[in-house]
Amino acid sequence: MIKGRGRTAALIVLSALILGACDGGELERGVAERATPTASPEKKKGLCQPFPDRLIDEFVAAYNSRDLTGLQNLVTAPQIVDLVAGGYAGTSSTFDDVAEWAETSWDADDRMKMTGYSAFSPTKWGFQMHMSRGSDTLRDHGIERVATTLDAISDGCQITSLTDSGPIQAKGEPCAFYDAFRTVADVASDEPGSCADGSSEHARTGPSALFTDERMLVWGGDRGGLFTYGDTAMDGLSFDPASSRWSRIRPAPLPAFRPEVSAWTGTELIVFGSKTRPHYGVLGAAYRPADRSWRAIEFPYKEWSGFEGIWTESELVLWGGPDHSNRPRQRGAVYDPSSGTWRRTSPAPIGGRWSHAVTWTGSEMVVWGGTDADTDLSDGAAYNPVTDSWREIAPAPISARQWMPITWTGTEVIVWGGSSYSTNKADGAAYDPALDSWRSLSRSPLRGRHYHSAVWSGQELIIFGGYNYHRSFADGAAYNPATDRWRKLARAPIKPRFNHVSIWTGTEMIVFGGTWDFGHIALGDGAVYDPTANQWRRVVPDIGVD
């Protein structure tokens with residue numbers, strides 16, 4: 001059997017077609033953000049035009065209309081490798097010709113919906129077709145749809161090689177395809193490790209997470225897979241590090257949405273996020289662990305997404321994000337849970353943006369970096385919610401970037417890493433709000449990256465994981481601002497990851513979730529790091545009936 005796994009991480013992304021809304025599926029946060037979009041390949045002799053749109057459109061049309069002649073004229077590959085069709089066949093995922101492959105899939109009433117594409121390979125005209133697939137056979141096994149990727153190599157206007165790539169993810173239950181078809185040798189041999197050890201049941205990337213002084217609460221996120229509107233999780237997990245006990249947080253009784261800002265009030269977990277289907281909008285909810293109850297929180301303003309926010313110990317402040325027009329928002333919103341009321345902030349003295357970072361200093365919300373779609377940004381501002389006033393902060397000594405965390409140490413705001421125009425950053429700076437001044441950090445032992453996490457331990461800034469367009473990381477480092485020195489963390493006992501969460505318990509850092517590559521099943525395990533001993537231990541949720 002030809003294996004295509006792991007290939008995605010090495011792609012040179014040239015273009016991506018996004019179907020759906022701005023904050024749609026994982027594809028949007030994956031393929032579209034993997035690199036700065038570049039122009040389509042120039043017209044060259046022998047290249048099918050437009051590439052690869054024409055090839056993909058003709059392929060999907062012929063497949064779904066059951067046009068075998070048209071499909072044979074388009075696909076001249078001597079063999080086709082397709083794990084989904086292999087499950088249908090019950091034997092092998094390698095097919096000797098197009099007719100054998102197509103007829104096997106059509107007998108299952110399989111139909112494909114293209115959710116996006118990426119072009120790859122500087123020496124061959126290759127591209128990936130990201131597909132969502134449904135069939136009678138899948139539905140007979142309780143599977144609504146699966147997400148998969150087909151790698152193609154073309155010669156002119158013909159596809160000369162067609163193989164599957166990446167795991168087959170079932171919507172709602174990521175590993176259901178492998179459970180349903182595990183008697184097929186090719187399926188069983190290709191089962192991801194997270195499916196084999198059961199951690200995928202709790203898989204999520206980009207969830208909300210916080211610590212309540214007793215336990216870590218993790219909620220929401222995306223299960224991975226290249227579905228048009230994503231595969232959003234609406235449940236959560238509670239972890240007590242003292243007893244190592246896990247419990248489940250029941251799903252919120254709301255339409256699916258991705259968490260963007262969360263806070264712990266002392267009695268409730270408050271979560272706000274954005275939904276895309278059927279219309280853009282902001283949803284909010286509050287969860288009480290004491291009685292395991294949810295309540296919806298109405299958001300009174302217009303459609304919004306991409307915001308960041310902070311908890312002031314009495315109010316939740318949201319700021320930034322697009323308003324789905326050509327002008328990102330410069331005004332934010334403030335929610336008071338004690339009264340259930342909202343108010344708008346005054347306009348910021350800097351341009352609106354998203355993919356920025358925010359942190360709370362105890363008196364101000366500091367905003368820095370991000371993008372406004374035209375360019376990446378290196379400016380910032382500080383907002384005082386008591387006086388509803390802003391001030392622009394001094395220019396930073398580091399370049400513009402996005403997709404990086406910023407952290408408050410008690411005296412400084414520290415920025416490290418990020419990305420700008422497909423260039424990963426390995427430098428950082430610290431901002432002193434009392435002096436309105438910056439200083440550069442000493443050189444880090446880590447490679448440049450973005451989508452990493454950062455926590456403040458009381459003495460050190462601890463950075464872990466991340467992504468650099470080619471690979472994800474399982475390493476980390478700790479920075480001591482008092483000495484301006486770094487130290488490497490011990491090797492973590494978990495898979496490399498990004499878009500994960502990290503929280504500080506008061507004595508340890510807990511890392512959970514994330515993904516090791518865009519489009520793959522998200523990760524449902526984590527690890528606990530003890531900085532005093534410089535040691536890790538892996539944790540996997542073990543949850544019975546809650």
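Residues numbered from 1 in each chain as written. Predicted model: local features only at pLDDT ≥ 70, side-chain atom pairs only at ≥ 80, totals over all residues. Heavy atoms only, no water.

Our focus in this paragraph is the overall build of the chain. Along its length, the chain carries 10 helices and 36 strands. Within the chain, the proportion of its 546 residues that are buried is 60%. Accessible surface computed for the chain: about 21300 Å², of which carbon and sulfur atoms make up 47%. (Helix = DSSP H or I, 4+ residues; strand = E, 2+ residues; numbered from the N terminus. Buried < 20%, exposed > 50% of the residue type's maximum accessible area, 1.4 Å probe, protein only. Areas by Shrake-Rupley, 256 points an atom, 1.4 Å probe, with all protein chains shown as cover.)

In this structure, F59, L71, V75, W101 and L162 are the most contacted members of the largest nonpolar core, which totals 31 residues. At the level of secondary structure, the elements contributing two or more residues to this core comprise α3 (53-64), α4 (68-74), α6 (98-107), β3 (111-120), β4 (125-134), β5 (146-155) and β6 (158-170). If we ignore the near neighbours within four places in the chain, the residues touching L162 are F59, V75, A77, Q79, I80, V81, W101, M129, L150, D151 and A152. Residues Y88, I168, F181 and A203 belong to the second largest nonpolar core, which totals 20 residues. (Core = buried A, V, L, I, M, F, W, Y, C linked by side-chain atoms within 4.5 Å. Contact = heavy atoms within 4.5 Å.)

With the rule as written, the count across this model stands at 36 aromatic pairs. Note on F51 and W125: the rings are 5.5 Å apart at their centroids and 70 degrees apart in plane angle, and the pair reads as edge-to-face. Of this pair, F51 sits in the loop between α2 (31-34) and α3 while W125 sits in strand β4; the two residues are 74 residues apart in sequence, bridging distant segments of the chain. Among the aromatic residues, those joined into a cluster by ring pairs are F272, F299, Y301, W304, F307, Y335 and W342. Here R344 stacks its cationic end above the ring of Y301, 4.7 Å away from the centre of that ring. Against the face of F473 rests R449, its NZ or CZ located 3.9 Å from the ring centre. (Phe/Tyr/Trp six-rings, centres within 6.5 Å; stacked < 30°, edge-to-face > 60°. Lys NZ or Arg CZ within 6 Å of the ring centre and 35° of its normal.)

Now for α3. In this model, α3 (12 residues) spans 17 Å end to end at C-alpha, consistent with the 16 Å of a helix rising 1.5 Å per residue. Of the residues making up α3, those classed as buried are L55, I56, F59, V60, A62 and Y63. Summarising the axial view, the buried residues of α3 lie within an arc of 165 degrees, below the 170-degree limit, and thus occupy one face. Taken together, the buried residues of α3 touch α4, α6, β3, β4, β5 and β6. Of the residues trailing α3, R66 is marked for its positive phi of about 60 degrees. (Expected span 1.5 Å × (residues − 1). Arc of directions from axis to C-beta.)

This part takes up the side chain of R353. Its location among the elements puts R353 in the loop between β18 (341-344) and β19 (357-360). At a separation of 3.0 Å, a polar atom in the side chain of R353 contacts the main-chain carbonyl oxygen of G351. A polar side-chain atom of R353 sits 3.0 Å from the main-chain carbonyl oxygen of G369. In contact with R353, other than residues within four places in its own chain, are W319, G320, G321, P328, R329, V367, G369, T371, L377 and D379. (Polar contact = N/O pair within 3.5 Å; in protein donor to acceptor, adjacent residues only side chain to side chain.)

Turning next to the pattern of salt bridges. Under the counting rule described, the total for this entry stands at 29 salt bridges. Between D235 and R248 there is a salt bridge, with the nearest N and O atoms lying 3.5 Å from each other. One end of the pair, D235, is in the loop between β8 (216-219) and β9 (236-240); the other, R248, is in strand β10 (residues 245-249), with 13 residues separating them in the sequence. You can call D235 buried: its relative accessible area is 13%. Residue D427 is joined to R401 by a salt bridge in which the shortest nitrogen-to-oxygen separation is 2.9 Å. A residue pair is termed long-range when its members are at least 10 positions apart, and D427 in the loop between β26 (423-424) and β27 (428-432) and R401 in the loop between β22 (389-392) and β23 (406-408) qualify at 26 residues. On the basis of relative accessibility, which here comes to 33%, the residue D427 falls in the partly exposed class. Judged by relative accessible area, which is 0%, R401 ranks as buried. Salt bridges here are not isolated pairs; linked through shared partners, they connect D197, R497, D525 and R538. (Salt bridge = Lys/Arg side-chain N within 4 Å of Asp/Glu carboxyl O.)

What follows is about the side chain of D432. You can see D432 is positioned in strand β27. Look at D432: it is buried, it has no salt bridge, and the nearest opposite charge is R391 at 7.8 Å. Looking at D432, its side chain comes within polar contact range of the main-chain nitrogen of A434, at 2.9 Å. If we skip the residues at most four places from it in the chain, D432 touches T411 and S437. (Lys, Arg positive; Asp, Glu negative; His and termini not counted.)

So, on to the sheet that holds strand β31 (residues 476-480). Read across the open sheet, the 4 strands follow the order β29-β30-β31-β32; overall the sheet is antiparallel. Only two strands of the sheet have a single neighbouring strand rather than two, namely β29 (453-456) and β32 (485-488). Sheet twist, expressed as the average angle between the axes of neighbouring strands with direction ignored, equals 20 degrees. Summarising the sheet, β29 and strand β30 (residues 461-464) pair through 4 bridges and their orientation is antiparallel. Counterpart to S453 in the pairing with β30 is F464. (Pairing = 2+ DSSP bridges. Axes fitted to C-alpha atoms, helices over the stretch in contact; angles between N-to-C directions.)

Time to look at the packing of α3 against α6. Packed helices, taken two at a time, are described by the angle their axes make and the gap between the axes. It is the contact of α3 with α6, at a shortest axis distance of 11 Å, that shows an interaxial angle of 55 degrees. As judged from the angle between their axes, α3 and α6 are oblique. Residue-level contacts link F59, A62 and Y63 of α3 to W101, S105 and W106 of α6. Its residues placed into classes, the contact of α3 with α6 shows 5 nonpolar, 1 polar and no charged. (Parallel < 35°, antiparallel > 145°, perpendicular 65-115°, else oblique. Nonpolar A, V, L, I, M, F, W, Y, C, P; charged D, E, K, R; others polar.)

Looking at the chain as a whole, its pLDDT mean stands at 89, while 90% of the residues score no less than 70. Here residues 1-42 scores under 50 on pLDDT; set against residues more than four positions off or in separate chains, the count is 128 contacts. (pLDDT = per-residue confidence, 0-100.)

Looking now at the layout of surface pockets. Empty pockets left among the atoms are what a rolling probe the size of a water molecule brings to light. If you add up the space inside the second largest pocket, you get close to 300 Å³. Around the second largest pocket sit 18 residues that line it, and P192, G193, S194, K495 and W516 are the ones nearest its centre. For the lining of the second largest pocket, the residue count by class is 5 nonpolar, 5 polar and 8 charged. (1 Å grid on protein atoms, 1.4 Å probe; cavity = no way out; pocket = protein on both sides within 12 Å on 5 of 7 lines; lining within 4 Å. Points joined across faces, edges and corners; volume = space filled by probe spheres on them.)

Before going further, it helps to examine unusual backbone geometry. Across residues other than glycine, the phi torsion is negative in most instances, and most of the peptide bonds are trans. That bond from Q49 to P50 is cis: its omega, -10 degrees, falls within 30 degrees of zero. Mapped onto the fold, P50 is located in the loop between α2 and α3. The omega torsion across F51 and P52 is -5 degrees, close enough to zero to call that bond cis. Secondary-structure assignment places P52 in the loop between α2 and α3.

On to the sheet that holds β19, then. Two strands in a sheet stick together by hydrogen bonds in their backbones, pointing the same way (parallel) or opposite ways (antiparallel). Pairing within the open sheet is antiparallel, and its 4 strands lie in the order β19-β20-β21-β22. Edge positions in the open sheet fall to β19 and β22, since each of these has one partner strand only. Across the sheet, the mean angle from the axis of one strand to that of its neighbour is 20 degrees, orientation sign disregarded. Of the strand pairs in this sheet, strand β20 (residues 365-368) and strand β21 (residues 380-384) are connected by 4 bridges, and their pairing is antiparallel. If you follow M365 over to β21, its bridge partner there is Y383.

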